[in-house]
Structures are given as structure tokens and as C-alpha cells.
Number of protein chains: 2
Amino acid sequence: MEQMKDIIKFIAIIVMLFSFPCYGKEKAMILDWQIGYHKDEHSEPHKWMAATVPGAVQLDVMKAENYKQPYWYDNNVQQFDWMEDYYFTYKAFFKKPSFSPDQRVFFFSKGIDYSFKIILNDIPIKEQEGMFSYVDLDLTDYLKEENELRIIVFPVPKTGVSYQRKTESYRQNARESVKPAVSYGWDWHPRLVTRGIWDETYLVVRNVSRVTDSDISYKLNEDLSIADISIDLKGSCLEGKKFEYFLKDPTGEIVFHHKGRFSTDSQRLQFTLMHPLLWWPVGYGEPHLYLSEIHLMDSSGNFIQKDVDRIGFRQIKLVKNEGAEMVNVNFPKTRDPFPAQLEINNRRIFAKGTNWVHPEIFVGLITPERYNEQILLAKRANFNILRVWGGGIVNKESFFDLCDENGILIWQEFPLACNNYSNDEKYLKVLEQEATSIIKRVKKHACLAIWCGGNELFNSWSGMTDQSLALRLLNSLCFRLDPSTPFMYTSPLYGMGHGHYLFYDKNTREDVFQWMSMSNFSAYSEFGVPGVSNLSVLKSFIPSDQLFPPREDTAWEFHHGLYAWQEDSWLELPTLEYYFGEIGSLEELVSYSQLLQCEGVKFIYEEARRQRPYCSMALNWCFQEPWPTAANNSLINWPNDPKPAYYHVANACRPILASIRFPKFQWEKEEEFSCDVFMLNDTYSKVEPARVSVVLIYDKGKELNLLDWDFNGANGFQNVKGPSIKIKLPKIESQLFAVKIRVVGKEEYNSTYILLNKSDNASKIIPPKSYFKGETDFQL
Amino acid sequence: MEQMKDIIKFIAIIVMLFSFPCYGKEKAMILDWQIGYHKDEHSEPHKWMAATVPGAVQLDVMKAENYKQPYWYDNNVQQFDWMEDYYFTYKAFFKKPSFSPDQRVFFFSKGIDYSFKIILNDIPIKEQEGMFSYVDLDLTDYLKEENELRIIVFPVPKTGVSYQRKTESYRQNARESVKPAVSYGWDWHPRLVTRGIWDETYLVVRNVSRVTDSDISYKLNEDLSIADISIDLKGSCLEGKKFEYFLKDPTGEIVFHHKGRFSTDSQRLQFTLMHPLLWWPVGYGEPHLYLSEIHLMDSSGNFIQKDVDRIGFRQIKLVKNEGAEMVNVNFPKTRDPFPAQLEINNRRIFAKGTNWVHPEIFVGLITPERYNEQILLAKRANFNILRVWGGGIVNKESFFDLCDENGILIWQEFPLACNNYSNDEKYLKVLEQEATSIIKRVKKHACLAIWCGGNELFNSWSGMTDQSLALRLLNSLCFRLDPSTPFMYTSPLYGMGHGHYLFYDKNTREDVFQWMSMSNFSAYSEFGVPGVSNLSVLKSFIPSDQLFPPREDTAWEFHHGLYAWQEDSWLELPTLEYYFGEIGSLEELVSYSQLLQCEGVKFIYEEARRQRPYCSMALNWCFQEPWPTAANNSLINWPNDPKPAYYHVANACRPILASIRFPKFQWEKEEEFSCDVFMLNDTYSKVEPARVSVVLIYDKGKELNLLDWDFNGANGFQNVKGPSIKIKLPKIESQLFAVKIRVVGKEEYNSTYILLNKSDNASKIIPPKSYFKGETDFQL
């Protein structure tokens, strides 16, 4: 009989080996789901509709009940408003799968949004609040031949006052839930609180003997030449089972191998790796990844399980910015600024990047392909870091895998934003559960650079403080579970800056060039200049009769998000008219608005770099958007369409470039013009000497040489300030002129800027297409 | 036989009841200790000397080996320098005490400083690093009829460079130990690293059935009218034992009573108290304390143990200061300032207090009586808070008991100060052990208001940051063990200020009146104006031939502490000469220096109060000192002798007073004189309307009326600004003149200030004794 069992096991394993070509993944049995809605938890839906999983309850109803489509057109998302207070039930029938006595059947889901109850054959087997904790349920003991699995998704959690459009009341609704606050409405996001099964979800048959957790940790010595590695393996029914462990270097070569046998359900492996190839972010080296493989065999030596993890060896610190001690010199003295300087593998880097919001309103629709496209765009923009903003989700696993592979650092916020999150025990308990799941999952990734409590929690519009228990809880959890990753309560912290988000601020009467050159921050972790969306994007969601001029109570306003249709945001019409006169057409509106976004956001990135070494970081608000906005600070229109500013930012973030600081954007007729020139070098390579010239370009091909500079070269990670220029402007006919800085023999360092000529009767002009693609060679 | 046992037990209990009049305390068997020193751990001392316990190794050797005494005279403490690198062994012989089979014998110590090993009859039974974790050892199984107990105290832990006098090198020595950093040398403390048994230490016979821990916690509802109380009792061999629990109100009346029986070794009691009398700090109400009593009986109902704890019901929060959101108005915006406003029982208070350093260099010498004297002085100065500075010890239990009783809030720092404390595992492990002991002990006290990581850790001279693991560990421990008490990483934090510590700053060319009125901080948690010590104090430790003039390399320098003998600290001779001309005698030196301290520190307290509501706290550096200093920012000379500034500070901290803001201290001949008058009210009571006048007092009784003001009264916790005064100064002959503000019918609100007349040929004058006692009625 015992022999018989072994034979069966052997056959099962052979079958498994053939049917699971990818051993690291489980053989998922996908269920066929239906969905229905109801007013009370215990009432039955009136009808059942086909459900897409992963997806969202709103989309299933939209398809089944002939809602206006696409959901992102005009104000169609308002169709979903009624759903917030309804229950939704998912239902799936399945036959008992075949499995051996050594196996069990599990229901596994990577995410169900948000509060839910799971019922199998009328027996409640699980209740959970929280969309980020994976569900992993052993169903075996509840199974019949024919089974009905139900998931009841509870109504949207809401605290405080009820939501009213065109007010800021929406914010408080999110203050007791661990859900993306953005879905309650934001100034670029509509009110649309998504719910439902939002990540991979399936049944799976698993062996009872199984490694369930392999916790990899390592310590690098001071000069990073030695990695002391610990692998903690945990699982069930492992006693007596043999295993093999392999560590493979980035070329696939085995650099460590160990054969062993489990004496209990847990086992620790410890070994040393000499001269590990380090993981580096974009611009500073290759993102080397090792493979850590564990093979599990049963007592007869038959193969049962193979788990593969990746390890990127790197050391990440947040250290004091150079010059931080000079910020407060006199008594009474307050503390030195927060350490905002990222040091990777003992090298200070300049962190160039952007604020990441999730790329779809319905997070269940986000695919690895979408992540991949956008992460490649980030890399092509020379970004080395993404701040994953706390108003959104913690991304799916494929996001972190791609960042690991591409050398993109991740600043990961917990799902708290712009709210005074509760000190109540109930909320803190859910937060602890969700944060623990998030930390354990994400800490394995080499790309993880910073844990952060959430967005703008210490500003007046949020009202949290260092005493808020939610933040102390998160700090404590990160310290206990992942002490080597830097943690910050929120952004901004003391010394760091958020904003501004306008090209011209009528309160201070300053343009972006003016406030930015007067600023002195250790890190600009948010700043933006809004630009109207690309023409094709506008036409895709604004009914044609509303296209021009933009008006309130049309798709223009609706696609500003909640409470954002104001004089200065995000269209900035008064600013456009102040600079360019009356705006005569949609095409003019798009061009002028995008021109300001290009020059404004480019200036901030370059100025932040010029403010090194004290300044160490520049992240614009924001990279992309989850639906088509009318005007926004984003660089990429939904779903994946770069705006002109994207190309200009990519230029401003080149590892080495020639750069100019202008004191202002707008110049009067024949005014004394001035600017400062720089060579910027973020790399640890030297820059060779070169001849640099600066030229004024205006009135259809006219050129005026402003400067010749014998640049003497720069050391690694060194900026060099060149001469200043002071010259009386020539007579210029057009509204716009350009200034170009050329590096002879290194044209890839060239930069060109457009400025405004405010002379009376200056003629209107629109920059050429090549400008909007970020080319530095063009005529005006 | 069983009956016999019971009879023996009964007799034992009767004996116990009679011999333990105070049930809450244990019957201590005091040991007779000897001490010796040796170069290596395992070598035997050359000789044994009598030891005083609690005490310090230095003092025992001093007495036995005829060192120069007293230790605080001249530079006598240098005699102890050689001891740092020696081992010291304490030794005590004792006979096996008599005890019943239901009893065990324990060695108990509240503090052994710092690393040590305990050996009983040649068997090592305990090793510990850390002076704050109580030692509680069951010796029973190791006992013989005649016993020898040894405690080997290891050499002083030292990190980094070796100590050199007159340099700042000493600081680093402390960065890997949980010992008071101050003992390694400070700018008012000599290098003298004390060691030894520093708190109560004895043998004790205890019943095996025993409540070892009663953890009391409570939650107050929103309006503080209901306390939900939990008592978690834990112990050994409690199963079946009966107990009675009593809660007694501040008058001794029983307000809750419960009889029960332990079913396991732990038991939770939960009950509700309606309308608890709240604990309030000085100036805001009475510090009501309840008694929580647990009586333990054996299974036959015989009395075994009585434990008494005190409970003060109060709610303490650190909240955002009013106006914090106005500190950063423009973009880019950094975070709002740290919340530094104490809110007690839902009322914002103005925190008036001081920085507490331990009152004896040898902490083993500190007695409850010393604590009591100084805490009463604090209370008489109208202080409601002490910041127990991280450079010193965490005080003995009697300190916290006295603060509970007197309504003095405690800001408790962990023993970290002005250092970049290590991220090493070994240090963090000791810190975790010590901090855990400290938190569990101190959190029971109603007086505990704030946990703080340590002193000035985020300033350039320390170099720690929010990322330092020691601070994240402390935050995490406080959060886990005592989440309802506010926690801060260090002082100052963003928005709070430390300094200045001079009357006149020659770098900025500002006097204290000038910088203080221009400052805008949420809390002044350190500031000082130095004053020379009282004449009798100087004469007690400075050899008479060194008394005047003060010179380097004499007791004057030595009693400045380490590295403090500089032009501007702490004598401020150039300042004294700048204001008063040549200083002709020791008496003149003391008078002028103390005059500046009186006026300077008084101004800061009053100005901090005038800066309400944004400002919420004023704590001078420092209250007392652990040995006689030559000149210091302290208000009280060692051992307990108030300096004149003490009385002036007490005046400045009166709950209600009339106050004047002067733009500067020094006035030219017939200059236009200006000042602003205020009525300050820190209480929640109204101030009645009154007639207020301001008078200039000069040249032996001359008076000039400057202002009459019909003050209309003030609401609770409201300051009122009165009229401004602008007047040409009359001709004044003397170097000093006074300005007095009188409140008719409320003379207790009067204030008088002395200012400087800088006219040529102004005659020297010394204020009368009554001025130096803080009286507001005097002539000049």
C-alpha cells in the first residue's frame, strides 16, 4: 500500500512536471465568475451578469446593462455614482478538482477590493478588510463534488460628510480606510471608487509538502565586496524532505550550491558571496540581478517544487544633504533638515524622476504590458526613481519586477494621502495587516529605495503630525520587518519642497523661473507646470461641440477632476492670455499651454540639478494619468501618449548637458538680457573640455552670438558654472525667441530654450513641431 | 504534615505582617560590601576596602586611600582619571537566610553601573550591560550556608579617539553605550565617568506565590468623564489564590472593590470609573492621584502580599501649535512645524519649565530628599514641566513619585546626547533592553508627558538623522509599550529652537532682547544666559589666591567643565566690560554677571509667553548642576543654592503678570526710549480690569511716569497687548535705571526691569540685595 502511494505520487509529479513548464508559477484553475448587486448583505441579486476577473464591479455592470461607453468619454463615469452604497456578489461554480492525498486545494487571490466575505457552499470561511493582503484559503475540507464560491464585496467605506461635487468634502471620506484615497476624487481624478477583484485570482492544487516562504536577507560589508547571505526557508510537512539550493549570477552561472534535508519545517542557509555584482539604478551602473533557486524533493528524491527569487545586491541610505548644516546658522537653532540625499552603494546620486500614479482608474485593468511601456518611457527620460504616490495603489508584482530589471528606484508610499487618518483601533488594525503584507512582499525587490507613510500628511490640509498613531505604526512595522530600507513619515519633510504647480503665480507675481531660482530645498519631491492635453486626446473624450472655447460644466471641467476648475488650474487661461494675448483656437490653446509646460518643467529639473550638492532630488508631479484629463501636470496622456513636456524633461535629465539659468521668462523690448551658463554632470565620469557657445535665435533664422566659453572639463558628479551673460536684447519682431547653448563636438549636450518677447505689437508665432518633440535644433 | 505546613505558613505570615509595616515594600536584607580594583577581569584586587552602596567606585577608593577631599574642590576630580580602565569588584559575605519551602531568596538591585558580572560562590550567574535594567536574581538554588557574592564592574566603555582635556574629543567616547554622556565631559561637567552600584540593592526572601507585575491602563472618553480601566495582573504560582482589588480616590475612599480567585498566573480586571478626578499640572488644577491596591491571599485566605500603585487620570497630547500653518505659506512648501503644543485633559497649556540635569555627579549619592527640595523649588518657580535632558540619567523612582505628587510634567529623554549613536547590532541590543526597562517603569507615572530620543541629535554636531536605527528603535518601543504618550526623536525638532546661551552675541551684535523679540519658534526648549555662581559657592571650591581675577588653568577654568573656557562662555568677561567698564572686584563680577542673567533669562520667558499662541513652551538651560560650577546657565548652584536668576524666573513664570517688551538692553544718553506693555495670563481664569502704570526709576529715587493704561481685563488663557510707549529718556546719572509696571490693587502682578544707561561718565552702581532676591520694589 505504501509503495502504491509512492507510485501514485511519482505519477502525479511526472504529470506536474510536464504540465507546469514554468515551475515558479502555480498551475492556476481559472474560475468562471458572475456578478450581481444588492442593497443588503443578505439579499440575493436580482440578476447575475458575466464578470471579468481581474476587473471592477462597475465595468461588469456597464457592459451588462448597456451603459454609455467608453466610460472615460465626457461625464460618463457619473453613471457609476449609485454603486457606492451597494453590495456586489461574485459567484462561481466549480467541480471538485482531482488531487491526491498529498495535495490540498486552495483559493488564491492577490487582491479583492475592499471589504469582503468569502462563502463556500453557504459556509462563510473568510472575512477581510483590505485589498492588499493576498487571500490564500485551504478549501479542501469544505469541498463537495459541485461547489459554489461566493465573494460578497461590501459597500464603499466612507467617513465624515457626504460627498458633493465641486467641493473638497470628498477627502475626508477616505480617512478610515486603507484604500487609494484618489478614487474618492482628486483635482485630476473623478469621484469613482472602484471595487472588486483586482488582481490574479484562481484555484490551485498544491502539495502539502511545500516551501511557503523563503526570506532572503543579506548584509554587505563596508566596501561592498562581501555579501553575507541568509535564506530562511519555511513551509509545511518538510521534515525529511531533501532540497537543493542554487545561487546563480546574472549570466546564469551557479556561484553557490547546497544540498540538504529539512529536519523541521524551517531551515536557515547562511553563506558568503565574494565580490557580488551590484545592482545600480539608471545612470550609475547595471541593475545586476542574481537568481536564488530552491528545489524541493520528497523523501524519495522526487522533484516537488521549484521556487525562484531574484536578488539585487545593493545598499541604500538616506543621508544628510551636503550643506544641510548651513541652513540654520544662528541661534535659536532648530534641527538640521531631513536627510533627503540618496546614497546607493556608497555613492551619492542625483535622484531624477517623477511621481507615479496608477495608470488606470480601474486598477484591475492594469497589465504587465502597460507597466512595461511606462517604465521604459521613464527610463528613456533618464529617470532613476519613481515616487509611488500614497493617493494610489501599491502596484502589482510585475511593476516591481520591471523596476528591478530596469534599474528604476522605487519610493513606495503606503495608501495614505492628504487626510488626517484616524487613531481608532479598528483602522489601525486594518492598516497593520495591510502594511505588513505590503512590506513583506515589496521588501524583496532590489528597486525598493524608500518607505514613506503617505502624501503631504504634515501639511495643513491634512493635519496629521509626528504623533499620529498610523504613522508611528508604519514606522515601527518598517523598522521591525525591513530596517535597512529608509523610512520617512511623509513628503514633504523639513527641507524638502512640494509645488508650485503653476507657470505663473498671480499672488506672488512670479513665474516659475523666478521662484525656482530663489528656492533652496534639499529635494523637490513634487512640482509641476500644467499643460493642456494633446489635441487627439482632447478630441477623444470631449464632444466636438464643446471643444472650443473651454467652458465650465462641460467635459473640459469634468476632466479636470474634482474641484480643480479654477482660474489658475489647470488650463491657466489668464496666464496664457497674459503672455500671448487672446487665444483664438483650440490649436493655439494646446500649443501655448504645452510650450509653457515644456519650458517650465524643464527649467525646474535643470535648476534643481544646478542647486547640487545641497539639492539631491527632482520629481515632477506627475508622470502619467489614469484617464484622459483636459489639462494636467502629467507628462504622459492616458493611456500612454507622451505630451511635448515629456521630451523636454528627458532632455533636462540627460546625465550630462549644457544648461542655462534665466532670471525670468518674459522680456521687454530691448531690455538688458542676462543669464548664467552651466555644464551639468550627474554621472561619476569626467566630462572632457570643450568649446561652448550661446546663441540668440529669433525672427525666422536670425542669430546673435551671446557667448563663447572655453569649458575646462568637469570631474565625476561635478557641475561647472560658466560665465554670466549680460547683453541688450536686439529688436525682435516675434513673440517668441530662443536661446541655444552648443557644445562643439558634443552636440548631444546642446540645449535650447524658448523665451517670451513682450514688446508691443510682437507677432504671434507657434513653435515648430520639432520643438514639441524635444529637438534642440529648430528655427523660430 | 499538611496541617503542620499550614501552621508554619500561618506563623510566617503573622511574623511578616508584623515585621513589614509597609506592605508595598520588600523586607530588604542589606549586605555589607567591600570593594577592590584590578587591571584584568580575572585577577584579584590587591586589597579590599569598605564600600558604600549605593555609591560609586571612585568615592570608595577616595575614602580608603586618602585622596584630596572634598572631590569637588579645585581640580580634585582629576584624581579619579586613572580608574576608567580598571575593573572594580564588589564583594559581600552572607549567611543563608532562613526561609520556608514556599519561599525563595532573591538578589535585587535597581541599578549597577555599567557592564558587570555577578558571581555567587564562584559560579557566574548573570552578566549584564546597562545600568537602568533592574537586576532580580533567584539565588536559592546556588545558596550554601556561607556565601560569597561578587559583582565585577567592567572598565568604562569608550568608543573612538582617546580623551584629551581642552578638546571636544570626549564626546565620541559615549556613542556606543547607554550611559549618561555627560559623565564623559561637558561644557559644565568635568570628565568623570562614574561607575558602581548606584541605586537600592539588597537580598530579599519572597513567597513563590506572588504578583510580579500589575500593568494598569485606562482610556478616557472624549470629555474625560469616564475612565475604562484595565488591570493586568501577572505572577507566579497564583492558581487558586484569592485576591482583593481596591481602587481608592484621592481622599482614600474606596470607589471600586473586587474579590476574585486566580485561575491561572495572569488575570485581567476591567471596570469603569465615572467622573474621575483628573490629574493636572501646576497652574491648571490639582494633581489628583488614586490608589490601586491588590491584596493576595493564599488558598486558605491568608494574607501574602499587598501591592499599591498610584493612578493619575489624565490625557496628554502634543498637538499642532496655533498658527503653525502660517509658517510656510508660499510654494514650494515644506512640512508644517512639529507639534510642540502640550494639551492636557483637552486644554492647551503654556509649558513653563526648565532643563533638569542630575543633581549629583555621583548619581549614587542622589537621595529622595534632594529630589524633593529641588522639585519644590521648581514648583515655587511656577514651573509645570521638567525636561530631563538626555545627557544625564533616567532618574530614580522617587523622582517620578514626587513629580506625580507635585503636578510637574516630565519630558523624559533616553540616555543619548550630542553624538552619532551607532547603528551596530550590539549597541542596539543593549539600547533595546535598557529602553524597554525604562519605558515599563516610567510609563506608570501620571507625570510622564513626553518620551524623547535624546538631546540635539539632529544638529550638525551630533549627526544623527531620522534614519538612525537607535531612534527608530526607541520610537518603535515607545509605540508598542506606551502608545498614548507623545514621542519625539530629539529636541529641537523643526519649529522648535535651542539657544542662544549668551547675553550678547558679538557675531550677530545682538543682545538677548534683540534676538528673542525677532524669533518665531513653537517652543523654546533650551535657552540660557550664563551667570557667575554665588559668592559663597565660588569661595567654597576656588583656592583663595585664585579668586580674583579669574584666570585660565585655575579652578575657574576647571569648573567651567570641559572645553568651555572661551571668550564668551561662561564668564562673558568681554560682555561685562563692554557694558560696565573694568570689573574691579570679585563682588562686582558676581553682581554684574548675575544682573545680566536675571534680566536676560527673565526676558526670554516673558517674551516666549508674549509669543503665544504660536509659542507654547519655554524651558531654560538649565535648572541645577551636579557640582559647583564657576559660571553656568543654571538657576541653582550645587548642591541647592538658588542664584538670583532663579527668583526672577519665578516672577516671569507667575500665572498672571504685567510684562514689558524692550527692544534692547542698552540705551544711549537722552535716546528715544520705547517699549510695549502686556498683561499675560496663562491660567484658564479671567483677569479683572485694572489700572496699570509704567514708571521709570532712576538716580536714587527719581521717578518718571511713562504710561497710564486702563486695562480692560483678559479672558482665560488670553494675553492682552497694551499701548506702546515712546518717550525721550531724561538725563540719567547712573549706569543702571529701572522700569516698573504696576497693577493697581494687584501688586502681585507688578514687574520691574533693570536696563543699561550707556551715557558717557555714567556712574557705576550695583543693584540692591532686594533686587537679587527677585523683589519688584526697590530703588536704584
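Scroll up for the structure.
Remember, it's a predicted structure, so these values are computed and weren't measured experimentally.

Calculation notes
- Residue positions are given per chain, counting from 1 as you read along its sequence in written order.
- Lettering for chains starts from A, numbering for ligands starts from 1, and both go in the order in which the items are written.
- Note on the predicted model: pLDDT of at least 70 is required for a residue's local features to be given, and 80 or more for side-chain atom pairs to be given and counted; whole-chain, interface and lining totals, by contrast, use all residues.
- The side-chain quantities take in all heavy atoms of the structure and omit both hydrogens and water.
- Only C-alpha atoms enter the line fits that serve as axes; for helices the fit covers just the stretch in contact. Angles between N-to-C directions range over 0 to 180 degrees.
- Working definition: helices are DSSP H or I runs of at least four residues, strands are E runs of at least two. Numbering for both runs from the N terminus.
- When describing relative orientation, an angle under 35 degrees is termed roughly parallel and one over 145 degrees roughly antiparallel, while 65 to 115 degrees is termed roughly perpendicular and anything else oblique.
- In this scheme the crossing of two helices becomes right-handed for a clockwise turn of the near helix relative to the far one and left-handed for an anticlockwise turn of less than a right angle.
- In this analysis, two residues are considered to be in contact whenever any of their non-hydrogen atoms come within 4.5 Å of each other.
- Note on residue classes: Ala, Val, Leu, Ile, Met, Phe, Trp, Tyr, Cys and Pro are nonpolar, Asp, Glu, Lys and Arg are charged, and everything else, Gly too, is polar.
- For the least-squares superposition of copies, only C-alpha atoms count, and only for residues with pLDDT at least 70 in both.
- Buried area is understood as the total, over both parts, of accessible area removed when two parts are fitted together, assessed with a 1.4 Å probe.
- The salt bridge criterion pairs a side-chain nitrogen of Lys or Arg with a carboxyl oxygen of Asp or Glu, the two atoms within 4 Å.
- Pairing of N or O atoms within 3.5 Å defines a polar contact, subject to two protein rules: one partner must be a possible hydrogen donor and the other a possible acceptor, and residues neighboring in sequence count only if both atoms are side-chain atoms.
- Any two strands with at least two DSSP bridges between them are considered paired.
- Here the term buried applies to any residue with accessible area under 20% of the maximum for its type, exposed to any over 50%, and partly exposed to those in between, with areas from a 1.4 Å probe on protein chains only.

### Structural notes on the packing of helix 6 (residues 469-481) of chain A against helix 6 (residues 469-481) of chain B
To describe two helices that pack against each other, one gives the angle between their axes and the distance between the axes. Axis separation between helix 6 of chain A and helix 6 of chain B bottoms out at 9 Å; the angle between their running directions is 125°. Classed by the angle they form, the pair helix 6 of chain A and helix 6 of chain B counts as oblique. For the crossing formed where helix 6 of chain A meets helix 6 of chain B, the hand is left-handed. In contact with Leu469, Arg472, Leu473, Asn475, Ser476, Leu477, Cys478, Phe479 and Arg480 of chain A of helix 6 of chain A, helix 6 of chain B contributes Leu469, Arg472, Leu473, Asn475, Ser476, Leu477, Cys478, Phe479 and Arg480 of chain B. Here the contact of helix 6 of chain A with helix 6 of chain B is built from residues that sort into ten nonpolar, four polar and four charged.

### What to know about the relation of the copies chain B and chain A
If you rotate chain B by 180° and push it 0.0 Å along the axis, it lands on chain A with an RMSD of 0.0 Å. Here the transformation between the copies is reduced to the relation of a two-fold axis. Of the C-alpha atoms belonging to chain B, the one lying closest to the rotation axis is found on Ser476 of chain B, 2.3 Å away. Of the interface residues in chain B, 100% have counterparts in chain A that sit at the interface too, so the contact is made through matching surfaces.

### A short note on the interface of chain B and chain A
Taken together, the contact pairs 53 residues of chain B with 53 residues of chain A. Together, the buried faces of chain B and chain A total about 4,300 Å²; carbon and sulfur atoms form 55% of this surface. Of all residues in chain B, Pro332, Arg335 and Arg472 of chain B give up the largest surface area on contact with chain A, accounting jointly for 16% of the area buried on that side. Where chain B meets chain A, there are six salt bridges. The tally of links from chain B across to chain A stands at 27 residue pairs in polar contact (both at pLDDT 80 or more). Among the elements of the structure, helix 5 (425-442), helix 6 and strand 27 (496-498) of chain B are those that each provide at least two residues to the side of chain B that touches chain A. Looking at the side of chain B that touches chain A, the element that brings in the most residues is helix 6 of chain B, giving nine residues. In terms of residue class, the side of chain B that touches chain A is built from 25 nonpolar, 17 polar and eleven charged.

### Considering the sheet that holds strand 20 (residues 341-344) of chain B
In spatial order, the strands read 19-20-21 (chain B); together these three strands make up an open sheet with antiparallel pairing. What marks the edges here is a single partner per strand, and that holds for strand 19 (316-319) and strand 21 (347-348) of chain B.

### Examining the side chain of Gln546 of chain A
All names here are of chain A. With respect to the secondary-structure elements, Gln546 resides in the loop between helix 8 (535-541) and helix 9 (555-558). On the basis of relative accessibility, which here comes to 14%, the residue Gln546 falls in the buried class. The residues touching Gln546, leaving out its near neighbours within four places in the chain, are Asp74, Arg551, Thr554, Ala555 and Trp556.

### Considerations on the pattern of salt bridges
Counted according to the given criterion, the structure contains 96 salt bridges over all chains. Taking the shortest distance from any N to any O, the salt bridge between Glu733 of chain B and Lys731 of chain B comes out at 3.8 Å. You can call Glu733 of chain B partly exposed: its relative accessible area is 45%. One connected set of salt bridges, linked through shared partners, spans Glu606, Glu607, Arg610, Arg661, Asp676 and Lys721 of chain A.

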